[in-house]
Amino acid sequence: MGHKVLAGKSSLAKYRVQRAANRRADSDRAVAALGRAFFLGCFFRYQLASSQIYGQTWGRGVSSPLHQSRAWHFVPIMQQINPLQKPDQFLFDVGALLDWYDEKARLLPWRIGPGERMHGVQPDPYRVWLSEIMLQQTTIVTVKDYFNRFVSRWPQVEDLARAPLNDVLAAWAGLGYYARARNLHAAAQVVATRMGGYFPRKEEALRDLPGVGPYTSAAIAAICYDEKIAVIDGNVERVMARVLLLNRPVREAKPLIRESVQTLVPPRAGDFAQAMMDLGATICAPRRANCPSCPLNKDCAAAILPDPTIYPLKSPKAQRPVRYGHAYVLTNPHGAIWLQRRPDTGLLAKMTETPGSNWESAPQEPAFPQPGKWGNKGNVVHIFTHFRLELQVWSLVTRDDQPCPQGWWSAQENLDEEALPSLYRKVLAVHWNSAQKNAAGFKPAAVGPD
Ligand code: SF4
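Residues numbered from 1 in each chain as written. Predicted model: local features only at pLDDT ≥ 70, side-chain atom pairs only at ≥ 80, totals over all residues.

We now examine the overall build of the chain. Broken down by element type, the chain carries 16 helices and 6 strands. In the chain, buried positions account for 34% of the 450 residues. Here the analysis covers contacts within the chain between residues at least 6 apart in sequence; of these, 66% occur between residues at least 24 apart. (Helix = DSSP H or I, 4+ residues; strand = E, 2+ residues; numbered from the N terminus. Buried ≥ 20, exposed ≤ 12 C-beta atoms within 10 Å, placed from the backbone. Contact = placed C-beta atoms within 7 Å.)

The subject of this paragraph is the packing of helix α4 (residues 94-104) against helix α15 (residues 269-282). The interhelical angle for the contact between α4 and α15, taken along N-to-C directions, is 75 degrees, at an axis separation of 9 Å. Of the possible angle classes, the one that applies to α4 and α15 is roughly perpendicular. Contacts between α4 and α15 involve V94, L97, L98, W100 and Y101 on the former and, on the latter, D271, F272, Q274, A275, D278 and L279. Here the residues of the contact of α4 with α15 sort into 8 nonpolar, 1 polar and 2 charged. (Axes fitted to C-alpha atoms, helices over the stretch in contact; angles between N-to-C directions. Parallel < 35°, antiparallel > 145°, perpendicular 65-115°, else oblique. Nonpolar A, V, L, I, M, F, W, Y, C, P; charged D, E, K, R; others polar.)

We now examine the site of the ligand. As a matter of local geometry, the ligand sits amid 15 residues, with C284, C291, C294, C300 and A303 nearest to it. Partitioned by chemical class, the residues of the shell around the ligand number 12 nonpolar, 2 polar and 1 charged. (Near = placed C-beta within 6 Å.)

Here we come to the environment of E132. As for its placement among the helices and strands, E132 is situated in helix α6 (residues 125-135). Along the primary structure E132 and T216 are separated by 84 residues, whereas in three dimensions their C-alpha atoms are 6.3 Å apart. If we skip the residues at most four places from it in the chain, E132 touches T216, A219 and I220.

Our focus in this paragraph is the environment of G196. Looking at the secondary structure, you find G196 in the loop between α10 (179-194) and α11 (203-206). Distance from G196 to E158, taken between C-alpha atoms, is 9.1 Å for residues 38 residues apart in sequence.

At a minimum axis distance of 10 Å, the contact between helix α13 (residues 234-243) and helix α14 (residues 254-262) shows a crossing angle of 85 degrees. The orientation of α13 relative to α14 falls into the category roughly perpendicular. Facing α13, whose interface residues are V236, E237 and M240, α14 presents I257, S260 and V261.

What follows deals with α10. Under the 1.5 Å per step criterion, the end-to-end length of α10 is 22 Å for 16 residues, consistent within 8% with the ideal 22 Å. For α10, the set of buried residues is A181, L184, H185, A187, A188 and V191. Along the long axis of α10, the arc covered by the buried residues comes to 165 degrees, so they all point the same way. Exposed positions of α10 whose direction lies more than 90 degrees from the buried face are T193 and R194. Considering only its buried residues, α10 is in contact with α6, α8 (157-162) and α9 (165-172). Taken from the residues just after α10, G196 is the one with a positive phi, measuring 65 degrees. (Expected span 1.5 Å × (residues − 1). Arc of directions from axis to C-beta.)

We now examine the pairing of strand β4 (residues 375-383). For β4 and strand β5 (residues 388-397), the ladder comprises 8 bridges, and the chain directions are antiparallel. Pairing of G378 across the sheet is with V393, part of β5. With antiparallel pairing between neighbouring strands as the criterion, β4 and β5 make up a hairpin whose turn holds 4 residues. (Pairing = 2+ DSSP bridges.)

In this structure, I220, A222, V231, V243, A273, V329 and V427 are the most contacted members of the largest nonpolar core, which totals 98 residues. Both of domain 2 (94-310) and domain 3 (322-431) provide at least three residues apiece to this core. For I220, the residues in contact, after removing those within four places along its chain, are P125, V128, W129, E132, F199 and L206. (Core = buried A, V, L, I, M, F, W, Y, C linked by C-beta atoms within 7 Å. Domains from an automatic or database assignment.)

A negative phi angle characterises most non-glycine residues, just as the trans form characterises most peptide bonds. In the segment running from Y311 into P312, the intervening peptide bond is cis, with an omega of 0 degrees. Position of P312 among the secondary structure elements: in the loop between α15 and β1 (322-331). Here Y177, not a glycine, exhibits a phi torsion of approximately 50 degrees, which is positive. Here Y177 shows up in the loop between α9 and α10. With 20 C-beta atoms packed within 10 Å, Y177 lands in the buried category. If you check the backbone angles, L245 has positive phi at about 50 degrees while not being a glycine. In this structure, L245 sits in the loop between α13 and α14. In this structure L245 comes out as buried when scored by C-beta crowding, with 23 C-beta atoms within 10 Å.

What follows covers helix α12 (residues 214-225). In this model α12 runs 16 Å from its N-terminal to its C-terminal C-alpha over 12 residues, within 8% of the 16 Å that 1.5 Å per residue would give. With respect to burial, α12 is a largely interior element, 9 of its 12 residues being buried. Buried residues of α12: T216, S217, A218, A219, I220, A221, A222, I223 and C224, and no others. Elements in contact with the buried residues of α12: α6, α11 and α15.

Before going further, it helps to examine the environment of C224. The topology assignment puts C224 in helix α12. Note: C-alpha distance between C224 and R201 (23 residues apart in sequence) is 8.1 Å. Residues within four places of C224 in sequence aside, it is in contact with P123, P125, V128 and G270.

See below:
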C-alpha cells in the first residue's frame, strides 16, 4: 500500500503530518507482516520437518532415493481442526511403519515374516486364504487352533476340496458364521477343479471365489503377490481414524479411509498391509493407544490428545430385535441325544441341531414333538448379528427309537464329531445343567458366535 498525500497546509506542517502518517502505515504493515509470518510458520511446519530430513517438496507420496518406501503427506493445520477433506493430504511415515514391522511382526502360523520374505520365501495362498476366512469376525487366539487342525488334516487345497462337506462343517463347529465353512468348501472345489489347484493372483479374480469379498481378496492379493491395493480391516480403520482425527464415525468414512490408505501402499504391499493390522492389534488398540511406542507418533493427529481412544467416533448403536423359541432335547435310556439336520438354506444351513420350534418375535407356547413329561431346564441366550435369540430348553427321556420323523441318535462320545453350532452346544450345556465338560468329555460351551 502506498503513502497518502496531504493537501492545503504549509510545507513544514505538511511534511510533519505526512511523516507521522507514514510511520503509522509502516507500523501497520509490520504488524500485518508478523501475522502472516506466524501463520505461514505454522502452516509449513510439517513440510519443514520432512524437507530437512528427506529434502522433499510439496506434494503427495514423494519418496527420497534413500527411503524408497517412505511416503510423506502434508496435513494443513486447518485439516486437523476440520479434517479429512482430501485423502492425499496427510503425514504418514510408511518407512517408519515398515521398520517397526521388520522388528515387531507377530509370529502367526499362516504368516511368512519379513525376514523370510527378504530371503525370497513366498506366502502360501492356501494358508493365507484359509486364515483370512477364519479370521472374519473371529479372534486370532481362537483361529490358531482351528487353522492348525485344518492344515494338518487338509494340507493342500485339493485335500479340502475332496473332503465331505459334513466333515468340514464338523471341523468348523464352534467357530461360528457357518456360511463361511460352506463357502470355504465350495471355493476349494473351484480352485482344485477349475484352476488346477492355483489361486488367482489378482484381487479382481479372487473375488469370484465363493465367500471371498473385497477385504479378503485384497488381503490375499497384497500378502501373497504384493499387489498394491489397500487392505482395510477394523484395525486399519481405527489407526486411520486416529491418524486423520476423523470427525465422523468410520461407517460414514469408509471410502475416504480406503482412498487415504491406497495413496500410501508401497512396493512391499503385503508387509505394509500386515504392519497396519499388527499396529492396530498391538499398539493402537481399541481401548489403549500406546503412542510413545508407535512408529506413527510424529505425524498422528490423535497422538497429541490426552486420550486418543475417543477416536474412532462411535455411531449410535441400533437396538437388536429379540426372537423367542424352544429347543427340545430328547435322550434315550443310554444318554444318546437325538439330532437332526437343519435345512439347506437360511441361518445355520446344513448344520446339526436338536429339534425345536420356529423362532418368533413373541414368546410362544411349546409344541413338543412327543407326548411325555418334559422338564424345563432353563434358557439359552444367543446373539446373532441381526437379532438376539432366547430359547427355552426342554428335556425328555424316551424309549422310542424314532422319536421324530427325521434325525439320528448320537452317543455322547460322538458329539464332538457332529456339526453342532455354538447355539446347540449351549442348549446341551443347559440340558446337562452345566457349562463344564460332561461325563463323556464333550465340550458343550460355546466358543464363537453363530
Ligand atoms: S500415535 Fe497413538 S493414536 Fe496415533 S496411530 Fe499411533 S498409537 Fe494410534
